[in-house]
Amino acid sequence: MEFSGFSIYYVVVYPEFEKLFNLANFANLTKEEMDMYYESQKVRWDNQNALDFAEETGIERGIERGIEKGRAEGQHDKAIEMAVKLKAKNMSIEEIAELTSLSIEEIQTL
């Protein structure tokens, strides 16, 4: 964006004048320059749409993974809770491992 010496003052001091200068510059474009401008805008919008879609998809995937991880942790916590109860009832570690799908080492540390 190029401005003459006097007009740059208004853009710096009064940012709202930047739109007016841009509009004036746009009005002076040739048909070829306008076509190039519109094409660059389409590319910019396409890129922004692609980024927005990727962000939305990433957020959805993150939520799904978080839910899956939460369920897995909940199931594991429930298995540990059950193992503690079964161990308190003097059930063998091998049987507890079979019923809860926990490892023998994990049950021994409870």
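Small disclaimer: the values here were computed from a predicted structure and weren't measured.

## Regarding the overall build of the protein chain
A count of helical and extended segments in the protein chain gives five helices and zero strands. Along the chain direction, N to C, the helices and strands of the protein chain fall in the order α-α-α-α-α. Here the protein chain holds 110 residues, and 12% of them are scored as buried. When contacts within the protein chain are restricted to residue pairs at least 6 apart in sequence, those whose partners lie at least 24 apart make up 13%.

## Describing the pattern of salt bridges
What the rule picks out here adds up to four salt bridges. For the salt bridge of K85 with E81, the shortest nitrogen-to-oxygen distance reads 3.6 Å. Taken together, the residues K85 and E81, both in helix α3 (residues 31–88) and four residues apart, mark about one turn of the helix. Several salt bridges converge on common partners, so that one network encompasses K78, E81 and K85.

## Observations concerning the nonpolar core
Judged by nonpolar contacts, A79, A83, L86, I96, A97, L102 and I107 together constitute the single largest core of seven residues. Of all the secondary-structure elements, those providing two or more residues to this core are α3 and α4 (93–100). By residue number, the principal contributor to this core is α3, which donates three residues. Excluding anything up to four places from it in sequence, L102 contacts H76, A79, I80, A83, A97 and I107.

## Here's the deal with the packing of α3 against α4
Contact geometry for α3 and α4: axes closest at 10 Å, N-to-C directions at 150 degrees. Considering their axes alone, α3 and α4 lie roughly antiparallel with respect to each other. At the point where α3 passes α4, the crossing takes the right-handed sense. Across the interface between the two elements, A79, M82, A83, L86 and K87 of α3 pack against I96, L99 and T100 of α4. Of the residues that constitute the contact of α3 with α4, the class distribution is six nonpolar, one polar and one charged.

## A word on the side chain of T100
Here T100 lies in helix α4. Given the relative accessible area of 11%, T100 is considered buried. Of note is the side chain of T100, whose polar atom sits 2.7 Å from the backbone oxygen of I96.

What counts and what doesn't
Every chain's residues receive numbers from 1 upward, in the order its sequence appears when written. Per-residue local features are limited, in this predicted model, to residues with pLDDT of at least 70; the limit for side-chain atom pairs, both in listing and counting, is 80 or more; totals at the level of whole chains, interfaces and linings are taken over all residues. In computing side-chain properties, one takes all heavy atoms of the structure into account and sets aside hydrogens as well as water. Numbering of helices and strands runs from the N terminus; a helix is a DSSP stretch of H or I covering at least four residues, while a strand is a stretch of E covering at least two. Only protein chains enter the accessibility calculation, which uses a 1.4 Å probe. A residue is then buried if its area is under 20% of the maximum for its type, exposed if over 50%, and partly exposed in between. Contacts were defined at the residue level, with two residues in contact if any of their heavy atoms lie within 4.5 Å. A pairing counts as a salt bridge when a side-chain nitrogen of Lys or Arg comes within 4 Å of a carboxyl oxygen of Asp or Glu. As used in this record, nonpolar core signifies buried Ala, Val, Leu, Ile, Met, Phe, Trp, Tyr and Cys residues forming a set joined through side-chain atoms within 4.5 Å. Simply put, an axis is a line fit to the C-alpha atoms, just over the touching stretch for a helix, and the angle between two N-to-C directions goes from 0 to 180 degrees. An angle below 35 degrees is treated as roughly parallel, one above 145 as roughly antiparallel, one from 65 to 115 as roughly perpendicular, and anything else as oblique. Left-handed describes a crossing whose near helix is turned anticlockwise from the far helix through less than a right angle; right-handed describes the clockwise counterpart. Residues are grouped as follows: nonpolar covers Ala, Val, Leu, Ile, Met, Phe, Trp, Tyr, Cys and Pro; charged covers Asp, Glu, Lys and Arg; every other residue, Gly included, is treated as polar. Polar contacts here mean pairs of N or O atoms no more than 3.5 Å apart (in protein, one a potential hydrogen donor and the other a potential acceptor; neighbouring residues in sequence count only if both atoms are side-chain atoms).

Geometric values such as these leave the question of function open.
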